[in-house]
Structures are given as C-alpha cells and as structure tokens.
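Residues per chain, in single letters:
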Amino acid sequence: MKNKLQHMKPDEIDQFIKGIMGNVMASQSGGTFNPEDGINHYQSQPTQKGNPLNSSAFETHDSVFVRIPIKDESRLKDIRIYHTANQLMVEHIPEQDAKHSITLPAMVKKKGSSAKYKDGILEIKLIKSYDIQYSQIDVTEI
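Computed from a prediction, not measured in an experiment: that's the story for all the values here. Starting afresh in each chain, residues are numbered from 1 along the sequence in its written order. Local features are withheld for residues below a pLDDT of 70 in this predicted model, meaning they are given only at 70 or higher, and side-chain atom pairs are given and counted only at 80 or more; totals for whole chains, interfaces and linings count all residues. Side-chain calculation: all heavy atoms of the structure are included, whereas hydrogens and water are not.

Peer 1: Quick question: what am I supposed to make of the sheet that holds strand E4 (residues 87-91) here?
Peer 2: Strands pair in a sheet through their backbones, by hydrogen bonds, and they do so in one of two ways: parallel or antiparallel. At least two bridges found by DSSP between two strands are what make those strands a pair. The secondary structure listing takes helices from DSSP runs of H or I that are at least 4 residues long and strands from runs of E that are at least 2 residues long, numbered from the N terminus. Spatial strand order, E3-E4-E5: three strands in an open sheet with antiparallel pairing. Either end of the sheet is taken by a strand with one partner, and the two such strands are strand E3 (80-83) and strand E5 (99-103). Going across the sheet, the axis of each strand differs from the next one's by a mean of 20 degrees, ignoring polarity. The pairing of E3 with E4 spans four bridges and is antiparallel. The partner of isoleucine 81 across the bridge, within E4, is valine 90. Only C-alpha atoms enter the line fits that serve as axes; for helices the fit covers just the stretch in contact. Angles between N-to-C directions range over 0 to 180 degrees.

This is the structure in structure tokens:
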C-alpha cells in the first residue's frame, strides 16, 4: 500500500480520497451523500490548474511532503526553497527567474525541514506543527 501511494499521481490520489469520503459519508447519512459536494464545498481553488511545477503535496501523521519533478539535475544548485507555516516557495525552477508558491495541506514548524533529490524527484519534507493557537473573538451588540 505504501509503495502504491508513493507512485500515485495527484489526480489518482484525489479520486482515491473522494471514493473513501463517499463510502464513509454515505454510510453515515443513509446513502444520500454525494462526495463531489463535500469536496467542492471545502475546495477554494482547483488543485492542478496553474501548476507549472507539476508538484504534489501530501501529509502523513507527522510530516508534510512536497514532491517536484526536476528534469535537469544541474538546476538543483540554483533552486531556492523557503516556507511559512502554510506555504512553500520555490524559486529558479524551471527557469532562473521563476517563482512558485505551493499551499501546504497542514501547518508546519519553522525548523526540521529537509530536501532530497533522487530519480528525478525533489522531495521536501516538513515537520507538522500541532501548536495551533486559537483566539476567541467576543461578539458585541451594536
């Protein structure tokens, strides 16, 4: 199962998740749930449109992984990678003046990230952050 998930394309992962959600929600709602409605309700932007890097981002229990196919290995020395708590920025790939931003599926920590290149894939591993701070907002009558 682990090997199968590692080699799945983002569209295949999307279909896999929709299938699981449909099965779970249908059993809880008596069979009237449409998985497309649930996905579309929470999806603010298309996942693969406008993705010139062909990147994929996914999370595990402890980490967030971003995989970017790199055709020209000589470009690795020029790549610059930065991240915030919820975004990854990649510069100088595929062209020198290119800049890309990838929204991460979960919040990540500032430290502990790593990047490895193997078999034409740049894999960036970020450590998930569980310290989500909530602030209550009081509602007052005007």
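Peer 1: How do you make sense of the nonpolar core when you look at a structure like this?
Peer 2: Side chains that are nonpolar tend, in soluble globular proteins, to be buried together. One finds Val66, Ile68 and Val90 to be the most contacted residues of the largest nonpolar core, which totals 16 residues. For this core, the elements supplying multiple residues, two or more each, are strand E2 (63-69), E4 and strand E7 (121-127). Only heavy atoms matter for contacts: two residues are in contact if any of them lie within 4.5 Å across the pair. Not counting residues up to four positions away in its chain, the partners in contact with isoleucine 68 are Leu53, Ser55, Val90, Ile102, Gly120, Ile121, Leu122 and Ile124. We define a nonpolar core as any set of buried Ala, Val, Leu, Ile, Met, Phe, Trp, Tyr and Cys residues linked to one another through side-chain atoms lying within 4.5 Å. Partly exposed describes any residue whose relative accessible area lies between the buried limit of under 20% and the exposed limit of over 50%, with all areas from a 1.4 Å probe on protein chains only and scaled to the type maximum.

Peer 1: Which parts of the structure should I look at to understand the pairing of strand E6 (residues 114-118)?
Peer 2: Put simply, side chains in a regular strand alternate between the two faces of the sheet. As paired strands, E6 and E7 are joined by five bridges and run antiparallel to one another. Within E7, the residue paired with lysine 116 across the bridge is glutamate 123. Counting the residues that bridge the hairpin from E6 to E7 gives two residues, and of these aspartate 119 lies at a positive phi of roughly 50 degrees.

Peer 1: How do you make sense of the pattern of salt bridges when you look at a structure like this?
Peer 2: When the charged atoms of two side chains lie near each other, side chains of opposite charge can form a pair. In what follows, salt bridge is the name for a side-chain nitrogen of Lys or Arg lying within 4 Å of a carboxyl oxygen of Asp or Glu. In total, this model carries four salt bridges according to the counting rule given. Among the ionic pairs, glutamate 59 bridges to lysine 128, the shortest N-O distance being 2.5 Å. Linking glutamate 59 in strand E1 (residues 56-59) with lysine 128 in the segment after E7, this pair joins segments that are 69 residues apart in sequence. Measuring nitrogen to oxygen at the nearest pair gives 2.7 Å for the salt bridge that ties glutamate 123 to arginine 67. Placement of glutamate 123 in strand E7 and of arginine 67 in strand E2 is noted, with a sequence separation of 56 residues between them. The exposure class of glutamate 123 is partly exposed, given its relative accessible area of 24%. Since its relative accessible area comes to 16%, arginine 67 is described here as buried. Taken together, the shared-partner salt bridges connect Arg75, Lys77 and Asp78 into one network.

Peer 1: For this particular structure, what's the right way to read unusual backbone geometry?
Peer 2: Both trends apply: most residues other than glycine have a negative phi, and most peptide bonds are in trans. Isoleucine 93 connects to proline 94 through a cis peptide bond whose omega is 0 degrees. You can see proline 94 is positioned in the loop between E4 and E5. The residue asparagine 54 is not glycine, and still its phi comes out positive at about 60 degrees. By the element assignment, asparagine 54 lies in the loop between helix H3 (35-42) and E1. Within the chain, aspartate 119 stands out as a residue other than glycine whose phi angle is a positive 50 degrees.

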